[in-house]
Structures are given as structure tokens and as C-alpha cells.
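Examining the three-dimensional arrangement
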Amino acid sequence: MTHATQRLCLWAGVAMAPLFFVGFLLAHFLPPPSPALSAGEVAAFYELRRTGIRIGMLIVLGASALLAPFFVVISVQLRRIEDRHAPMTYVQLVTGGCLVLEFIFPVMTWQAAAFRPDRDPGVIQALNDLAWLPFVGVVSTFILQVIAIGIVILRDGREDPVFPRWAGYLNLWVPAGMAPGAFCVFTQQGPFAWNGLLAFWAILVTFFVWFCAMSYLLHR
């Protein structure tokens, strides 16, 4: 892959972040609606914000796909370290593809919840749950992805490494910030709820720091 192609893939990924932010703002998903809302309250939320949810999630849908070329560039650089046999590079690529789908499926579930205004409130609430729980709670693939990246970076023994060693430690630190999201299935209130301090905001900050750091290093 040429340098120009890699830069194109990198900047496609970088464009994902502001598009995600704009989409979630338009949908009124920042901050997320509380999981403790009743079925009637959830239905009213979607009724009042139906157009914003549809447009916002359409933007997020497109933004999600831009992560794929970003992860490809990471794999290209990891392959330089692992050389011919590159198991961790492929682990990163596969789990990165899973993350893209883990964004896309919740987005389309939110779209389904907003699709029919006459739908039973209980069904809308169930669709809302089915979107937010995996969006926040499925963290295992990303955790495996960053662990693979960290291992490869720290195993780079050359004098002029592809990535600095601190990037390896950063990737091995990321799981600590992501893991609380998995506990959102146990509670509707508090720091581990899908709108909580640990299960949502800590994940958001952790992912943002990781994404900015990797974008900078790939560009460098």
C-alpha cells in the first residue's frame, strides 16, 4: 500500500470522529437517554426527536464505515513489525471489522425504533434497549484489538521502532477504561448504566484519547 493510499485511509478514519459527534448531537443522544425511562417516556423521546434521530443516525452510519480504512492502516504498520507471519496483525484487523459492525447494527436498531410512529411503546423501548446495550456493552472485541496492537508494538526490538514504546503501554491501558461498559446490562441507574460515568463517559474519553494518539502516530 503506497504512502498516499495510507494517508487517504488515515484521513478517512479521522473524519469519523466529528461526523460521529454531529450525528449523536442531531439525534439528541448526547447525553444518552436514561435506561430508567418508562416505555411511554422512551416512545415520547422518539416521537419528539424522530427527524433528528433519522438524520443523525444516517450520518453516524456513514461515519462508522470510515473506521474500516483506518484499521487497515494500523494493520499495514503492524505488519511491518511482525513481518511475514503476522497473527496479531490479523487479530487487529478482524476485531477492528467487528467494531465497525458493532456501531452499524445499533445505529440501524435506533432507526427501526424511530421508523413507525404508531408502534407500541413497549416495542420502541425494547428496540432502544437492543441498541444501547450492545453499543455500550460490547467492549470485548475492542479490548482484544488494542491488546494485540500493544503486544506487537512492545515486541518491536529494532533501533528505530515503527511506534514508540509508550504507544504499546497506552494500548494495554485502554482495556481498563473500556471494561466498565460491559456491566451496563446489570443496572439502569448509576455509574455502570449505559448513560453512566463509567459505562459511557469513561469509555468515550478512553476511546477518544486512544483514537487521537493512534491518528497522530500513524500520520507521523
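Residues numbered from 1 in each chain as written. Predicted model: local features only at pLDDT ≥ 70, side-chain atom pairs only at ≥ 80, totals over all residues. Heavy atoms only, no water.

From N to C terminus, the protein chain includes nine helices and zero strands. In the protein chain, the succession of helices and strands from N to C terminus is α-α-α-α-α-α-α-α-α. For 220 residues, the compact-globule formula gives about 17 Å, and the C-alpha radius of gyration of the protein chain, at 19 Å, lands near that figure. Across its three principal directions, the C-alpha atoms of the protein chain cover 60 × 35 × 25 Å. Buried residues in the protein chain amount to 46% of all 220 residues. (Helix = DSSP H or I, 4+ residues; strand = E, 2+ residues; numbered from the N terminus. Rg over C-alpha atoms; globule rule 2.2 N^0.38 Å. Buried < 20%, exposed > 50% of the residue type's maximum accessible area, 1.4 Å probe, protein only.)

For the protein chain, mean pLDDT is 94; residues scoring 70 or higher make up 100% of the total. Least confident of the elements in the protein chain is helix H1 (residues 3-26), whose mean pLDDT is 91; most confident is helix H6 (residues 121-137), at 97. (pLDDT = per-residue confidence, 0-100.)

For the rest of this paragraph, the subject is the environment of Gly40. In this fold, Gly40 is placed in helix H2 (residues 39-48). Sequence separation between Gly40 and Glu102 is 62 residues, and the spatial gap between their C-alpha atoms is 27 Å.

Within the secondary structure layout, Ala126 lies in helix H6. Given a relative accessible area of 44%, Ala126 falls into the partly exposed group. On a C-alpha basis, the gap between Ala126 and Phe186 in space is 16 Å, while along the polypeptide they are 60 residues apart.

Helix packing for two helices is described by the angle between their axes and how far apart those axes are. Close contact between helix H7 (residues 140-154) and helix H9 (residues 197-219) brings their axes to 13 Å; oriented N to C, the two are set at 35°. Considering only the axes of H7 and H9, their crossing is left-handed. Along the contact surface, H7 presents Phe142, Val146 and Ile149, while H9 presents Phe207, Trp210 and Met214. Of the residues in the contact of H7 with H9, the class split is six nonpolar, no polar and no charged. (Axes fitted to C-alpha atoms, helices over the stretch in contact; angles between N-to-C directions. Left-handed = near helix turned anticlockwise from the far one by under 90°. Contact = heavy atoms within 4.5 Å. Nonpolar A, V, L, I, M, F, W, Y, C, P; charged D, E, K, R; others polar.)

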